[in-house]
Amino acid sequence: MTTLPFPLAEAPDAAAAERGRLLFAGPVDFVKGVVRMDGLPPADRIEVCFAGRSNVGKSSLINALTGRKNLARASNTPGRTQEINFFAAGDGRFLVDLPGYGFAEAPVSVVAKWQALLKSYLSGRSTLRRAFVLIDMRHGIKPVDEEILTLLDRSAVPFQAVLTKADKVQAAERDRVLAQVRAALQKHTAAYPELVVTSSERGEGIETLRAIIAALE
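Residues numbered from 1 in each chain as written. Predicted model: local features only at pLDDT ≥ 70, side-chain atom pairs only at ≥ 80, totals over all residues. Heavy atoms only, no water.

Caption draft 1: Here's a closer look at the overall build of the protein. Assigned secondary structure in the protein consists of six helices and seven strands. Counting helices and strands in the order they occur from the N terminus, the protein gives α-β-β-α-β-β-α-β-α-β-α-β-α. Relative to the compact-globule value of 17 Å for 217 residues, the protein shows a C-alpha radius of gyration of 16 Å, a close match. When the backbone C-alpha atoms are referred to their principal axes, the protein occupies close to 50 × 40 × 30 Å. Sequence-distant contacts, at least 24 apart, represent 80% of the contacts inside the protein between residues at least 6 apart. Surface summary for the protein: the accessible area is close to 10500 Å², and the carbon and sulfur share equals 51%. (Helix = DSSP H or I, 4+ residues; strand = E, 2+ residues; numbered from the N terminus. Rg over C-alpha atoms; globule rule 2.2 N^0.38 Å. Contact = heavy atoms within 4.5 Å. Areas by Shrake-Rupley, 256 points an atom, 1.4 Å probe, with all protein chains shown as cover.)

Caption draft 2: Geometry of the environment of Trp114. Here Trp114 lies in helix 3 (residues 108-124). As for Trp114 and Leu98, which are separated by 16 residues in sequence, their C-alpha atoms are 9.5 Å apart.

Caption draft 3: View of the nonpolar core. In terms of nonpolar packing, the biggest core is built from 41 residues, with Leu98, Tyr121, Leu122, Ile148, Phe159, Leu163 and Leu185 touching the most fellow members. Where this core is concerned, the elements lending two or more residues are strand 2 (46-52), strand 3 (84-89), strand 4 (93-97), helix 3, strand 5 (128-136), helix 4 (143-155), strand 6 (159-164) and helix 5 (171-185). (Core = buried A, V, L, I, M, F, W, Y, C linked by side-chain atoms within 4.5 Å. Buried < 20%, exposed > 50% of the residue type's maximum accessible area, 1.4 Å probe, protein only.)

Caption draft 4: Structural context of the packing of helix 3 against helix 4. Two elements in contact, helix 3 and helix 4, have axes separated by 9 Å at closest approach and are oriented at 35 degrees. Relative to helix 4, helix 3 is oriented so that their crossing is right-handed. Where helix 3 abuts helix 4, its residues Gln115, Leu118, Lys119, Leu122 and Ser123 lie against Glu147, Ile148, Leu151, Leu152 and Ser155. When its residues are assigned to classes, the contact of helix 3 with helix 4 shows five nonpolar, three polar and two charged. (Axes fitted to C-alpha atoms, helices over the stretch in contact; angles between N-to-C directions. Left-handed = near helix turned anticlockwise from the far one by under 90°. Nonpolar A, V, L, I, M, F, W, Y, C, P; charged D, E, K, R; others polar.)

Caption draft 5: Looking closely at the packing of aromatic side chains. Here the structure, examined in full by the defined rule, presents four aromatic pairs. Look at Phe86 and Phe94: their rings are 5.6 Å apart centre to centre, the planes differ by 85 degrees, and that puts the pair in the edge-to-face class. The same class applies to Phe86 and to Phe94, which are both buried. Pairwise contacts between aromatic rings join Phe86, Phe94 and Tyr121 into one cluster. Cation over ring: Arg45 sits above Phe94, and NZ or CZ is 4.4 Å from the ring centre. (Phe/Tyr/Trp six-rings, centres within 6.5 Å; stacked < 30°, edge-to-face > 60°. Lys NZ or Arg CZ within 6 Å of the ring centre and 35° of its normal.)

Caption draft 6: Layout of the pairing of strand 3. Taking burial as the measure, the six residues of strand 3 include six buried ones, the bulk of the element. Across six bridges, strand 1 (residues 28-34) lies against strand 3 in antiparallel orientation. Following the sheet pairing, Phe30 is matched in strand 3 by Phe87. Note that strand 3 and strand 4 share five bridges and pair antiparallel. Counted as the bridge partner of Phe87 is Leu95 from strand 4. Between strand 3 and strand 4, which pair antiparallel and follow one another directly, the connecting turn spans three residues, one of which, Gly90, has a positive phi of 60 degrees. (Pairing = 2+ DSSP bridges.)

Here is the structure:
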(Lines give C-alpha, C1' and ligand atoms only; values in the text may rest on other atoms or scores of the structure.)
Protein backbone atom coordinates (compact mmCIF):
# COMPACT_ATOMS: atom_id res chain seq x y z
CA MET A 1 0.00 0.00 0.00
CA THR A 2 1.43 3.38 -1.03
CA THR A 3 1.29 6.10 1.58
CA LEU A 4 0.56 9.55 0.20
CA PRO A 5 2.80 12.38 1.31
CA PHE A 6 0.87 14.86 3.44
CA PRO A 7 -2.15 12.67 4.24
CA LEU A 8 -5.37 14.21 5.48
CA ALA A 9 -5.48 14.65 9.24
CA GLU A 10 -7.65 12.00 10.84
CA ALA A 11 -10.80 12.95 12.71
CA PRO A 12 -10.04 13.25 16.44
CA ASP A 13 -11.08 10.60 18.92
CA ALA A 14 -13.77 11.49 21.44
CA ALA A 15 -11.35 12.77 24.09
CA ALA A 16 -9.40 14.97 21.66
CA ALA A 17 -12.61 16.31 20.13
CA GLU A 18 -13.94 17.22 23.56
CA ARG A 19 -10.69 18.98 24.48
CA GLY A 20 -10.98 21.01 21.28
CA ARG A 21 -14.63 21.79 21.93
CA LEU A 22 -13.94 22.99 25.45
CA LEU A 23 -11.11 25.27 24.31
CA PHE A 24 -13.51 27.25 22.14
CA ALA A 25 -16.67 26.81 24.23
CA GLY A 26 -15.58 29.43 26.73
CA PRO A 27 -14.79 33.11 26.15
CA VAL A 28 -12.97 34.01 22.94
CA ASP A 29 -12.17 37.71 22.92
CA PHE A 30 -10.41 40.20 20.69
CA VAL A 31 -7.31 41.38 22.55
CA LYS A 32 -5.67 43.94 20.28
CA GLY A 33 -4.50 44.77 16.78
CA VAL A 34 -0.74 45.23 16.48
CA VAL A 35 1.15 47.30 13.90
CA ARG A 36 4.58 47.27 15.59
CA MET A 37 6.54 44.58 17.40
CA ASP A 38 6.61 46.61 20.60
CA GLY A 39 2.81 46.43 20.67
CA LEU A 40 2.63 42.65 20.97
CA PRO A 41 0.79 41.30 24.02
CA PRO A 42 2.87 39.42 26.61
CA ALA A 43 4.05 36.01 25.38
CA ASP A 44 2.38 34.26 28.30
CA ARG A 45 0.57 31.44 26.51
CA ILE A 46 0.79 29.16 23.49
CA GLU A 47 -0.28 30.77 20.25
CA VAL A 48 -1.11 29.73 16.72
CA CYS A 49 -1.35 32.02 13.73
CA PHE A 50 -3.43 32.00 10.56
CA ALA A 51 -2.05 33.23 7.26
CA GLY A 52 -3.64 33.39 3.84
CA ARG A 53 -4.02 35.49 0.76
CA SER A 54 -6.94 37.85 0.42
CA ASN A 55 -10.35 36.21 0.00
CA VAL A 56 -9.13 32.78 1.10
CA GLY A 57 -11.79 32.65 3.82
CA LYS A 58 -9.56 33.30 6.83
CA SER A 59 -12.10 35.35 8.77
CA SER A 60 -14.83 32.81 8.07
CA LEU A 61 -12.62 29.98 9.31
CA ILE A 62 -11.69 31.78 12.53
CA ASN A 63 -15.36 32.56 13.13
CA ALA A 64 -16.29 28.91 12.50
CA LEU A 65 -13.57 27.65 14.85
CA THR A 66 -14.69 29.94 17.65
CA GLY A 67 -18.40 29.58 17.01
CA ARG A 68 -18.76 33.36 16.72
CA LYS A 69 -20.27 35.02 13.67
CA ASN A 70 -18.36 38.29 13.75
CA LEU A 71 -15.24 37.76 15.85
CA ALA A 72 -12.94 38.13 12.86
CA ARG A 73 -14.27 40.61 10.34
CA ALA A 74 -13.84 39.95 6.66
CA SER A 75 -12.61 42.87 4.61
CA ASN A 76 -11.41 43.37 1.07
CA THR A 77 -9.66 46.63 1.84
CA PRO A 78 -5.90 46.56 2.51
CA GLY A 79 -6.17 49.14 5.30
CA ARG A 80 -7.85 46.78 7.72
CA THR A 81 -5.43 43.95 7.05
CA GLN A 82 -2.27 45.79 8.12
CA GLU A 83 -2.66 44.69 11.73
CA ILE A 84 -1.74 41.45 13.42
CA ASN A 85 -4.92 40.71 15.35
CA PHE A 86 -4.78 38.75 18.61
CA PHE A 87 -7.71 36.80 20.03
CA ALA A 88 -7.67 35.00 23.39
CA ALA A 89 -9.33 31.60 23.66
CA GLY A 90 -9.86 31.26 27.40
CA ASP A 91 -6.56 31.69 29.21
CA GLY A 92 -4.74 28.98 27.29
CA ARG A 93 -4.30 30.10 23.68
CA PHE A 94 -3.81 33.11 21.48
CA LEU A 95 -5.27 32.89 17.98
CA VAL A 96 -3.35 35.29 15.77
CA ASP A 97 -4.83 36.59 12.53
CA LEU A 98 -1.96 37.70 10.29
CA PRO A 99 -2.30 40.41 7.64
CA GLY A 100 -3.76 39.08 4.41
CA TYR A 101 -1.44 39.02 1.45
CA GLY A 102 -1.92 39.16 -2.31
CA PHE A 103 -3.48 42.59 -2.68
CA ALA A 104 -2.27 43.66 -6.10
CA GLU A 105 -3.48 47.20 -5.50
CA ALA A 106 -1.57 47.71 -2.25
CA PRO A 107 1.24 50.29 -2.50
CA VAL A 108 4.77 48.92 -2.48
CA SER A 109 5.54 50.80 0.75
CA VAL A 110 2.55 49.20 2.47
CA VAL A 111 3.51 45.72 1.30
CA ALA A 112 7.07 46.27 2.55
CA LYS A 113 5.73 47.32 5.95
CA TRP A 114 3.56 44.21 6.19
CA GLN A 115 6.45 41.96 5.22
CA ALA A 116 8.80 43.50 7.76
CA LEU A 117 6.24 43.13 10.56
CA LEU A 118 5.45 39.57 9.50
CA LYS A 119 9.12 38.55 9.42
CA SER A 120 9.76 40.09 12.82
CA TYR A 121 6.76 38.36 14.35
CA LEU A 122 7.47 34.94 12.86
CA SER A 123 11.14 34.93 13.78
CA GLY A 124 10.79 36.44 17.23
CA ARG A 125 7.75 34.93 18.93
CA SER A 126 8.86 32.11 21.24
CA THR A 127 5.32 31.01 22.11
CA LEU A 128 4.26 30.50 18.47
CA ARG A 129 3.72 26.78 18.05
CA ARG A 130 2.28 26.51 14.55
CA ALA A 131 1.19 28.58 11.61
CA PHE A 132 -1.87 27.50 9.68
CA VAL A 133 -1.53 28.55 6.05
CA LEU A 134 -4.91 28.69 4.35
CA ILE A 135 -5.12 27.53 0.75
CA ASP A 136 -8.26 28.03 -1.35
CA MET A 137 -9.31 24.59 -2.54
CA ARG A 138 -10.54 26.06 -5.81
CA HIS A 139 -7.05 27.23 -6.72
CA GLY A 140 -4.36 25.31 -4.83
CA ILE A 141 -0.99 26.82 -3.97
CA LYS A 142 -0.15 29.92 -6.01
CA PRO A 143 3.16 31.80 -6.33
CA VAL A 144 2.03 34.35 -3.75
CA ASP A 145 1.52 31.48 -1.28
CA GLU A 146 5.03 30.20 -1.99
CA GLU A 147 6.40 33.46 -0.63
CA ILE A 148 4.84 32.95 2.80
CA LEU A 149 5.77 29.26 2.85
CA THR A 150 9.40 30.14 2.14
CA LEU A 151 9.31 32.80 4.86
CA LEU A 152 8.04 30.20 7.33
CA ASP A 153 10.82 27.81 6.30
CA ARG A 154 13.43 30.51 6.89
CA SER A 155 11.86 31.45 10.21
CA ALA A 156 11.79 27.77 11.28
CA VAL A 157 8.10 28.03 12.13
CA PRO A 158 6.23 24.74 11.63
CA PHE A 159 3.24 25.33 9.39
CA GLN A 160 0.25 23.23 8.41
CA ALA A 161 -1.70 23.69 5.20
CA VAL A 162 -5.44 24.12 5.71
CA LEU A 163 -7.55 23.96 2.59
CA THR A 164 -10.63 26.18 2.67
CA LYS A 165 -13.91 26.32 0.75
CA ALA A 166 -14.03 22.56 0.21
CA ASP A 167 -17.78 22.83 -0.40
CA LYS A 168 -17.07 24.80 -3.58
CA VAL A 169 -15.34 21.95 -5.46
CA GLN A 170 -16.35 18.54 -6.77
CA ALA A 171 -14.59 15.34 -5.68
CA ALA A 172 -12.44 15.03 -8.83
CA GLU A 173 -11.28 18.64 -8.54
CA ARG A 174 -10.57 18.11 -4.86
CA ASP A 175 -8.23 15.24 -5.71
CA ARG A 176 -6.44 17.32 -8.35
CA VAL A 177 -5.85 20.22 -5.98
CA LEU A 178 -4.71 17.93 -3.16
CA ALA A 179 -2.14 16.40 -5.53
CA GLN A 180 -0.88 19.88 -6.46
CA VAL A 181 -0.64 20.95 -2.83
CA ARG A 182 1.18 17.77 -1.81
CA ALA A 183 3.73 18.23 -4.57
CA ALA A 184 4.32 21.87 -3.67
CA LEU A 185 4.72 21.21 0.06
CA GLN A 186 7.47 18.65 -0.43
CA LYS A 187 9.87 21.53 -1.13
CA HIS A 188 9.23 23.13 2.26
CA THR A 189 11.19 21.99 5.29
CA ALA A 190 8.81 23.55 7.84
CA ALA A 191 5.67 21.89 6.46
CA TYR A 192 3.79 19.74 8.99
CA PRO A 193 3.04 16.41 7.31
CA GLU A 194 -0.77 16.46 7.47
CA LEU A 195 -3.38 18.46 5.60
CA VAL A 196 -6.70 19.69 6.94
CA VAL A 197 -9.61 20.13 4.54
CA THR A 198 -12.27 22.56 5.75
CA SER A 199 -15.54 24.18 4.85
CA SER A 200 -16.65 27.02 7.08
CA GLU A 201 -20.10 26.81 5.47
CA ARG A 202 -20.65 23.13 6.26
CA GLY A 203 -18.40 22.71 9.27
CA GLU A 204 -16.13 20.20 7.57
CA GLY A 205 -12.77 19.87 9.30
CA ILE A 206 -13.62 22.32 12.08
CA GLU A 207 -13.65 19.71 14.84
CA THR A 208 -10.33 18.34 13.58
CA LEU A 209 -8.69 21.76 13.53
CA ARG A 210 -9.99 22.59 17.01
CA ALA A 211 -8.50 19.36 18.34
CA ILE A 212 -5.13 20.06 16.67
CA ILE A 213 -4.95 23.51 18.25
CA ALA A 214 -5.96 22.23 21.68
CA ALA A 215 -3.30 19.49 21.57
CA LEU A 216 -0.35 21.82 20.94
CA GLU A 217 1.98 22.25 23.89
